[in-house]
Amino acid sequence: QVQLVESGGGLVQPGGSLRLSCVASVRTFTVYNMAWFRQAPGKDREFVAAISRTGGVTPFADSVKGRSGISRDYGKTLYLEIDRLNVEDTATYYCAADDRAIETPSRVASDYDYWGQGAQVTVSS
């Protein structure tokens, strides 16, 4: 059973930064490609960023490219950082895990079998 728990959300001012964490309760963290998705009220869940099992492949959505980073450590934690936040970044952020043995992590939510409960991020002055 895979359990994912996000933390680090909250209220952030426009122009600020956020750092989210996702702790995975798994036997072997490195068998999973990991990703962050987000969902704003009334909108579909959208891809934000992903990282391969080895950490060598990190695709980003165009909406956050150039102002975000994703990383993972041997403590079974996944991280997401986004700088220069704007109101369009307001959403519930979810981490997800995919145990397929593929080199490039998917950008498609339905490819991920395991999800966290979500962390709310609100960008507002």
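Counting restarts for each chain: residues are numbered from 1 in the order of the written sequence. Residue-level local features of this predicted model are given only where pLDDT is at least 70; pairs of side-chain atoms are given and counted only at 80 or more, and the full residue set underlies all totals for whole chains, interfaces and linings. To obtain the side-chain values, all non-hydrogen atoms of the structure were included, while hydrogens and water were left out.

1. So, the sheet that holds strand β7 (residues 77-82)
We call two strands paired when DSSP finds no fewer than two bridges between them. Only runs of H or I of at least four residues qualify as helices and only runs of E of at least two qualify as strands under DSSP, and these elements are numbered from the N terminus. Spatial ordering of the open sheet is given by β1-β3-β7-β6, a layout of 4 strands whose pairing is antiparallel. Both edges of this open sheet fall to β1 (3-7) and β6 (68-73), since each of them pairs with a single strand only. In this sheet, adjacent strand axes meet at a mean angle of 15° when their direction is disregarded. Sheet topology places β1 next to strand β3 (residues 18-25); 5 bridges connect them, and they run antiparallel. In the sheet register, Gln 3 faces β3, and the bridge partner there is Ser 25. The angle between two axes is taken between their N-to-C directions and runs from 0 to 180 degrees, where each axis is a line fitted to C-alpha atoms and a helix contributes only its stretch in contact.

2. Structural notes on the pairing of strand β4 (residues 33-39)
Within β4, 6 of the 7 residues are buried, which leaves the element mostly enclosed by the surrounding structure. Here β4 pairs with strand β8 (residues 91-98) via 7 bridges, running antiparallel. The partner of Asn 33 across the bridge, within β8, is Asp 98. For β4 and strand β5 (residues 46-51), the ladder comprises 5 bridges, and the chain directions are antiparallel. Among the inter-strand pairings, Ala 35 is bridged to a residue of β5, identified as Ala 50. Between the antiparallel neighbours β4 and β5 lie 6 residues, among them Gly 42 with a positive phi of about 80°. Here the term buried applies to any residue with accessible area under 20% of the maximum for its type, exposed to any over 50%, and partly exposed to those in between, with areas from a 1.4 Å probe on protein chains only.

3. Section: the packing of aromatic side chains
Planes of paired rings set the category: under 30 degrees apart is stacked, over 60 is edge-to-face and the rest tilted, where pairs are Phe, Tyr or Trp rings (Trp by its six-membered ring) whose centres lie within 6.5 Å. Applying the stated criterion across every chain yields a total of 6 aromatic pairs. With centroids separated by 5.2 Å and ring planes inclined at 55°, the aromatic side chains of Phe 37 and Trp 115 adopt a geometry described as tilted. A residue pair is termed long-range when its members are at least 10 positions apart, and Phe 37 in strand β4 and Trp 115 in strand β9 (residues 114-115) qualify at 78 residues. Summarising the aromatic geometry, the rings of Tyr 94 and Trp 115 are spaced 6.4 Å apart at their centres and angled 80° between planes, so their arrangement reads as edge-to-face. Of the two residues, Tyr 94 sits in strand β8 while Trp 115 sits in strand β9, which places them 21 residues apart along the sequence.

4. Considerations on the state of the cysteines
In this description, a disulfide is simply a cysteine sulfur pair whose atoms lie within 2.5 Å. In the structure shown here, the tally under the stated rule is 1 disulfide. Between Cys 22 and Cys 95 runs a disulfide, and the two sulfur atoms are separated by 2.0 Å. Residues Cys 22 and Cys 95 are joined through a disulfide that is right-handed, its torsion about the S-S bond being 50°. Of this pair, Cys 22 sits in strand β3 while Cys 95 sits in strand β8, and the two are 73 residues apart along the sequence. Accessibility assignment for this pair places Cys 22 and Cys 95 in one class, buried.

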